[in-house]
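Chains, contacts and geometry: an overview
The primary structure of each chain is shown beneath.
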Amino acid sequence: MKHTAGPGAAPAAELKVLRELARGNGLQLAAVGLLALVSTGATLALPLVVGKLLGAIQSGEGLTVWAAVMVAAGFGSAAAGALASFLLGRMGQRLICRLRVRTMRHSLGLRLADARREGSGNLVARLTSDAARIKNLIDIGPVQLPMAGITVLGTLVVMGLLDWVLLLITVGAFLAAVGIITLVVKGLRRKYAAVGEEVGTLAQSFVAALDSLTVIKAYRAEDTVSANLAERARKVAKLETDAARMESLMVPVINLGQQIALVAVVVGGGARMLDGHLLLADFVAFLLYLLQLTAPLIMAASGVSGIQLGLVARKRFEDVFALPAEEGTYSPDVATAAPRSASVQKRAVASAEVPAVRFEDVVFGYEAERPVLRGARFTVPGRGLTAVVGLSGSGKTTVLSLIERFMEPDSGRIEVHGRDLSDWSPADLRSRIAYVDQASTLLQESVRANLVLGRRRPADDTTLYSVLDRVGLAEDIRALPDGLDTVLDGATGLSGGQRQRLALARAVLADADLVLLDEPTSHLDSVNEQRLRLAVDRLAAERAVVVVAHRISTIQHADHVIVMDRGAVTDEGGHAALVDRCPAYAELVAGQSLGADFRAPVA
Ligand code: ADP
Ligand code: MG
C-alpha cells in the first residue's frame, strides 16, 4: 500500500515518436516525404537512363539530352535527399528537446521512493544515451526505411517489367538472406535492451561515485572505485560487442545473396538472350538494377536493426513516464505549469486546540518485513515546541518523512491539523509545512532563491536580512561576492553550520503552520545555538514546531518531548515529568547512553 499515494497525475506513458514528430510539423513532415520520394525516384530512374544512353550511342541520336538527364537525375536525387535530411534533423532535435524536458520534469515529480529506486544516474542516462538512440526512430522511421523499402520495391517492379523470369530467379536467391536477417533483427532487440539497462547502471554507479568524491579522496579509494566502474564499463562493452557481432552478419548475408543472384541471372539471362527473349540493352539494365539492389537492401536491414535500438530507448522513456507522479506536483509541460496558488481544497485549520500531528499505531518499513516504526503513537500539540529525542537509528527522521508524506505508512493512522494524512494532497500538505532536512540541503541557486522557496508573499532585502540576522548569518551573507544573489554552486559553498542557519532562515520565512526541524543545530557552536533557539521560540509562539534534537538545552526548553526507542514511542510529556517517570529519558538526559548523536552542548 505504500506505493499508492493517491491517483498520480501521470501523463500517458506511451510514446508515439512519429505522432510526436508530426505534432505541429505536419507540413514539414509532408515536405520531407515528398523530397524523399523525388530522391528515390531519381535514383530509380538512373539505370533506365543509362539504358537510354546506351541506345543513344548505338543510334547516334539524343546523346547530349540523355547525358544531361542523367546528370540532373543524379544531382536532383542528392539535393532532395540532403534537404529532407536537414528538415528531419531539425524536427528531431526539437522532439528530443521536448522529450528531455518532459523526462526532467517528470523525474522531479516522482515519489521519492520511485525516484530513488530508479536512481539518479539511470534517469540521467535517459537524457544522454537513450536520447541519442531514440533519434534512430526519427532518422530511420519516417524517411530512411520507407525510402529504402520503396527503392527495393520500385527496383523489383522495374526488373519485373524488364524480364519477369529473371526477377523470379533474383527473388529466389535473396529469400534465404531475408530469412536470416529477420532472425538477426529479433535477436538484436533483446541484446540492445540489455545494453540499455547496463548503460543506465553504469551511469548510476558513476553518479554515485561522484557524489561521494570527498570520501573517495579521503580514503584514496580512486583506484578501487575506478576498478569497479571499469568492470561495469566492460560489461557494457561485452554486451555491445555481442550485438555488433550479430549485426555484422547482415552485410555479408546480403552480399552473398547478391552474388548468388548475379551468377544465376547471368547464366539464365544469357540463355534467354540467346533464345531471343531478351535484348542486350534490357539485359544490361537488369544487371545494373540487380547491382543497385544491394545498397537499399543493406539500408533497409540496418534501418530495421537501428529501429530496434530506438524502440528499446523508447521503452526506457516510457518506463519513466509510467511511474506515477505525485498528485498536484506535476504539470506535463513546464511552459503551461500553473503557478503555485493557494489551495482549492477546503483548508484544514491550524489551531492551538487541534493537535498539529497525531500518530496512531503507525507501522512503517522502507523494505517489506523490516519495520522501522513498530506502532508509533504520539501527539504534537497545535502550538509550541515539541522535541523528538532518541538514539541514532530510532526512527526520528523517518517520523518527519512520514509527516511530509514522502512515504506512506504500512498501517496505522497519521493526522495533520486534525485531518487524515491520506486526505491531504502531497502538494497541499507540503505548502503548509516548512522542513529542514538533516543534511540542510540547499539548491544550487542564489541565496535569495533558497530563502524564499517556501514563501508565497514577496520578501524584500530588509526582510531577508532581518531573518538572516536572527539566525546569525547576516554578516556571512553580506560578505559573499554578490550578497543575496550569490549562487551557491560548487564554487561558493557554505560550511555545515552556515547551511544549517540558512536552512533555518528559509523555514522562518516560509508561510508554514507546521515546522519540522531535523537536528537543526548539530553543526553549530553554542553561541549560534543560543541564537537559533530564540529564533525557533519565536516560530513556536504562533505554530507547532517539531524539532529532532540531541542537545539538552533544546530539549529542556521544549513544551513537549517525545521519547523514541527503536521505532516505538516510549513516552511523551513535559521535560520535568519525563525525568521523574521515564527512566530511559532520565538516562538520555543524564548523557549516560547518548552516543555520538546525542552530545551535551559544546562549552
Ligand atoms: P534517526 O533519524 O532516529 O537516526 P532514521 O529514521 O534515520 O533514524 O532511521 C531509522 C531506521 O531506518 C534505521 O535503522 C535506518 O537504517 C533505516 N533507514 C533510514 N532511511 C532508510 C532508507 N532510505 N532505506 C532503508 N532504510 C532506512
Ligand atoms: Mg535522523
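Residues numbered from 1 in each chain as written. Chains lettered and ligands numbered in written order. Predicted model: local features only at pLDDT ≥ 70, side-chain atom pairs only at ≥ 80, totals over all residues.

1. Looking at the site of ligand 1
How we decide: Any residue whose backbone-placed C-beta atom lies within 6 Å of a molecule or strand is treated as near that molecule or strand. All amino acids are sorted into three groups, where Ala, Val, Leu, Ile, Met, Phe, Trp, Tyr, Cys and Pro are nonpolar, Asp, Glu, Lys and Arg are charged, and the leftover types, Gly among them, are polar.
Near ligand 1 the following residues occur: Tyr366, Val372, Gly390, Ser392, Gly393, Ser394, Gly395, Lys396, Thr397 and Thr398. Across the shell around ligand 1, the residue classes tally to two nonpolar, seven polar and one charged.

2. Examining the UniProt feature "domain: ABC transmembrane type-1" (unreviewed entry) in the chain
For the record, the criterion: UniProt positions are given in the numbering used here, feature names are shortened, and annotations may be inferred rather than shown by experiment. By definition, any uninterrupted DSSP run of H or I lasting at least four residues is a helix, any uninterrupted run of E lasting at least two residues is a strand, and each is numbered from the N terminus.
The residues that UniProt annotates with the feature "domain: ABC transmembrane type-1" (unreviewed entry) are residues 30-309. From the first C-alpha to the last, residues 30-309 spans 25 Å; its make-up is 94% helix and 0% strand.

3. Describing the UniProt feature "transmembrane region" (unreviewed entry) in the chain
Per the UniProt entry, the sites bearing "transmembrane region" (unreviewed entry) are residues 29-51, 63-88, 136-158, 164-185, 249-271 and 283-307 in this numbering. Annotated as residues 63-88, this span is 100% helix and 0% strand, and its ends, taken at the C-alpha atoms, are 38 Å apart. What you have in residues 249-271 is 96% helix and 0% strand, and the ends, taken at the C-alpha atoms, are 33 Å apart.

4. Focus on the pairing of strand β1 (residues 357-364)
In summary, the side chains of a regular strand alternate between the two faces of the sheet. The line we're drawing: In this analysis, strands are considered paired if DSSP registers two or more bridges between them.
Here β1 pairs with strand β2 (residues 373-380) via six bridges, running antiparallel. Bridge assignment links Phe359 to a residue of β2, and that residue is Phe378. For β1 and strand β4 (residues 411-416), the ladder comprises five bridges, and the chain directions are antiparallel. Within β4, the residue paired with Val357 across the bridge is Val416.

5. A closer look at helix α16 (residues 496-509)
The criterion, for reference: A helix is expected to span 1.5 Å for every residue after the first. Three exposure classes are used, based on other C-beta atoms lying within 10 Å of a residue's own C-beta, which is placed from the backbone: buried for 20 or more, exposed for 12 or fewer, and partly exposed in between. The contact rule is simple: place each C-beta atom from the backbone, and if two of them lie within 7 Å, those residues are in contact.
Spanning 14 residues, α16 covers 20 Å between terminal C-alpha atoms, matching the ideal 20 Å at 1.5 Å per step. Most of α16 sits inside the fold, with 12 of its 14 residues counted as buried. Residues of α16 that are buried include every one of Gln498, Arg499, Gln500, Arg501, Leu502, Ala503, Leu504, Ala505, Arg506, Ala507, Val508 and Leu509, and no others. Contacts made by the buried residues of α16 are with β6 (433-436), α13 (447-451), α14 (461-470), α15 (474-478), β7 (514-518) and α17 (526-542).

6. Brief notes about the sheet that holds β4
Which entries qualify depends on this criterion: Axes, fitted as lines to C-alpha atoms, cover a helix only where it is in contact. Angles between the N-to-C directions of the axes lie from 0 to 180 degrees.
Read across the sheet, four strands follow the order β2-β1-β4-β5 without closing on themselves; strand pairing throughout is antiparallel. Two strands in the sheet have a free side with no partner beyond their single neighbour: β2 and β5 (419-420). Seen against the sheet, helix α11 (residues 396-403) touches β1, β2 and β4 and runs at an angle of roughly 115 degrees to β1.

7. Digging into the domain arrangement of the chain
Basically, it comes down to this: Start and end positions for the domains come from either an automated domain assignment or a database one.
According to the domain assignment, the chain contains domain 1 (17-333) and domain 2 (357-589). Centre-to-centre, using C-alpha coordinates, domain 1 lies 55 Å away from domain 2. Across the side of domain 1 that touches domain 2, the residue classes break down as two nonpolar, two polar and two charged.

8. Description of unusual backbone geometry
Of note in the backbone geometry, Asp361 takes a positive phi value of approximately 50 degrees without being a glycine. Structurally, Asp361 is set in strand β1. Phi at Glu369 is positive, roughly 65 degrees, even though this residue is not glycine. Considering the arrangement of structural elements, one finds Glu369 in the loop between β1 and β2.

9. Looking at the environment of Ala208
With respect to the helices and strands, the residue Ala208 is situated in helix α6 (residues 164-211). The exposure class assigned to Ala208 is partly exposed, which follows from the 14 C-beta atoms found within 10 Å.

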